[in-house]
Amino acid sequence: MEKYLQQCLDSLSKQTYGNFEVIIIIDGATDHSYEIAKRHCEKDDRFKVFWQENAGSGPARNHGLEKATGELIMFVDPDDWCDNDYVESLVRIQQQGDYDLVTTCGLSICFGKNGKIKKTEKTSFEEEQIKGLRRVREDYLKLFNAGAVGGPHCKIYKASIINQYGVRFPDLRRSQDIVFNYRYYNYVSSVYVSNYSGYMYRVLIKARANRIKVDYYKTIELIYNDIIELYKKWNIPVDDHILSTEMYNMVYSYCE
């Protein structure tokens with residue numbers, strides 16, 4: 001990530017909202033990412049960096065959660081970057097209704113092999129306030145289908161819920177973010193879906209199929225069974241057609 005990390009850190013330092021901390025976890029990087037992060041921490045004392053042996057993004061994020069002291073939690077990947085008002089916008093939305101979860105849109109910036117932008121795609125959501133435990137749970141699959149509760153980016157979480165219920169990422173190499181989100185979602189009773197977009201995903205054009213493991217089906221099976229069990233626990237009927245379609249789409253997205 002050394003080619004992209006400085007842009008990410010600079011975008012966070014420039015945030016219009018100032019009362020925040022940035023926890024950087026270096027997950028056994030063999031490039032110069034650790035040195036870049038340490039130099040940035042020297043310039044901006046809101047940043048702290050920690051090293052761990054390579055364990056994957058799930059354990060790295062868990063490490064960050066253990067170090068975090070803020071009331072609200074956000075996640076940023078080191079090859080992505082944010083608009084200057086990103087944190088301020090999400091905090092403002094969250095505070096308007098003290099929402100347990102706020103989920104927003106992102107921009108996917110696709111770069112070719114020459115480093116030039118090939119295309120930009122924006123996720124779009126319909127602005128929606130979801131309140132009440134049963135309605136929140138009834139709407140999970142709808143939000144999952146829309147891509148609103150997949151990855152941890154473009155969201156703001158309450159640290160109190162994460163800490164009270166010990167919500168953590170599983171030790172999986174793929175789709176651990178989906179598991180974290182439904183584990184967290186199990187304890188929320190208010191959600192705000194916003195069409196605001198201030199997070200830029202860096203997408204590098206390459207053969208994604210080369211990155212998927214042959215036993216990825218085991219992860220898909222785990223997620224499918226977990227969601228079925230959640231709906232049983234919630235005593236809410238589950239649309240198996242929608243769920244099965246989403247499981248298929250998860251595999252297809254890695255292989256296209």
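Residues numbered from 1 in each chain as written. Predicted model: local features only at pLDDT ≥ 70, side-chain atom pairs only at ≥ 80, totals over all residues. Heavy atoms only, no water.

(A) Structural context of the overall build of the protein. Counting secondary structure elements, the protein contains 10 helices and nine strands. Expected size for 256 residues packed as a compact globule is a radius of gyration near 18 Å; at 18 Å, the protein falls within 12% of this value. Dimensions of the protein, computed from the C-alpha atoms along their principal axes, are close to 50 × 40 × 35 Å. Looking at the protein residue by residue over its 256 residues, the buried ones come to 48%. Of the contacts formed within the protein by residues at least 6 apart in sequence, a portion of 76% connects residues at least 24 apart. Only carbon and sulfur atoms are counted for the fraction: they give 48% of the accessible area of the protein, which is about 13,200 Å². Looking at the protein, you have 34 positive and 36 negative side-chain charges, and the mean spots of the two groups are 3 Å apart. (Helix = DSSP H or I, 4+ residues; strand = E, 2+ residues; numbered from the N terminus. Rg over C-alpha atoms; globule rule 2.2 N^0.38 Å. Buried < 20%, exposed > 50% of the residue type's maximum accessible area, 1.4 Å probe, protein only. Contact = heavy atoms within 4.5 Å. Areas by Shrake-Rupley, 256 points an atom, 1.4 Å probe, with all protein chains shown as cover. Lys, Arg positive; Asp, Glu negative; His and termini not counted. Charge placed at Lys NZ, Arg CZ, Asp CG, Glu CD.)

(B) Structural view of the packing of aromatic side chains. Scanning all chains against the criterion turns up 17 aromatic pairs. Seen in terms of ring centroids, Tyr-140 and Trp-234 are 6.3 Å apart; in terms of plane orientation they differ by 75 degrees. Their pairing is edge-to-face. Taken as a pair, Tyr-140 in helix α6 (residues 140-146) and Trp-234 in helix α9 (residues 216-234) lie far apart in primary sequence, 94 residues in all. Both residues of the pair, Tyr-140 and Trp-234, belong to the buried class. (Phe/Tyr/Trp six-rings, centres within 6.5 Å; stacked < 30°, edge-to-face > 60°.)

(C) Looking closely at the packing of helix α1 (residues 5-13) against helix α2 (residues 33-43). One way to put it is that α1 packs onto α2 with a least axis distance of 10 Å and a crossing angle of 20 degrees. Here α1 is positioned roughly parallel relative to α2, judged by the angle of their axes. Here α1 and α2 pass one another in a crossing that is right-handed. Contacts from Leu-5, Gln-6, Leu-9, Asp-10 and Ser-13 in α1 reach Ser-33, Ile-36, Ala-37, His-40 and Lys-43 in α2. Partitioning the contact of α1 with α2 into residue classes produces four nonpolar, four polar and two charged. (Axes fitted to C-alpha atoms, helices over the stretch in contact; angles between N-to-C directions. Parallel < 35°, antiparallel > 145°, perpendicular 65-115°, else oblique. Left-handed = near helix turned anticlockwise from the far one by under 90°. Nonpolar A, V, L, I, M, F, W, Y, C, P; charged D, E, K, R; others polar.)

(D) Here's a closer look at unusual backbone geometry. The phi dihedral of Asp-98 is positive, around 50 degrees, even though this residue is not glycine. Here Asp-98 lies in the loop between α4 (86-97) and β5 (101-111). Positive phi, close to 60 degrees, is recorded for Asn-235, a residue that is not glycine. Positionally, Asn-235 belongs in the loop between α9 and α10 (240-255). With relative accessibility at 61%, the residue Asn-235 sits in the exposed group.

(E) Quick look at helix α3 (residues 57-67). Taken together, the buried positions of α3 are Gly-58, Ala-60, Arg-61, Asn-62, His-63, Gly-64 and Leu-65. Among the structural elements, β1 (22-27), β2 (47-52), β3 (72-73), α7 (159-164) and α8 (176-185) are those in contact with the buried residues of α3.

(F) Structural detail: the state of the cysteines. Enumeration over the complete set of coordinates arrives at zero disulfides. The cysteine Cys-41 is free of any disulfide, with Cys-8 supplying the nearest cysteine sulfur at 12 Å. For Cys-41, a relative accessible area of 16% puts it in the buried group. Its sulfur unpaired, Cys-110 is 14 Å from the next cysteine sulfur, which belongs to Cys-154. (Disulfide = S-S within 2.5 Å.)

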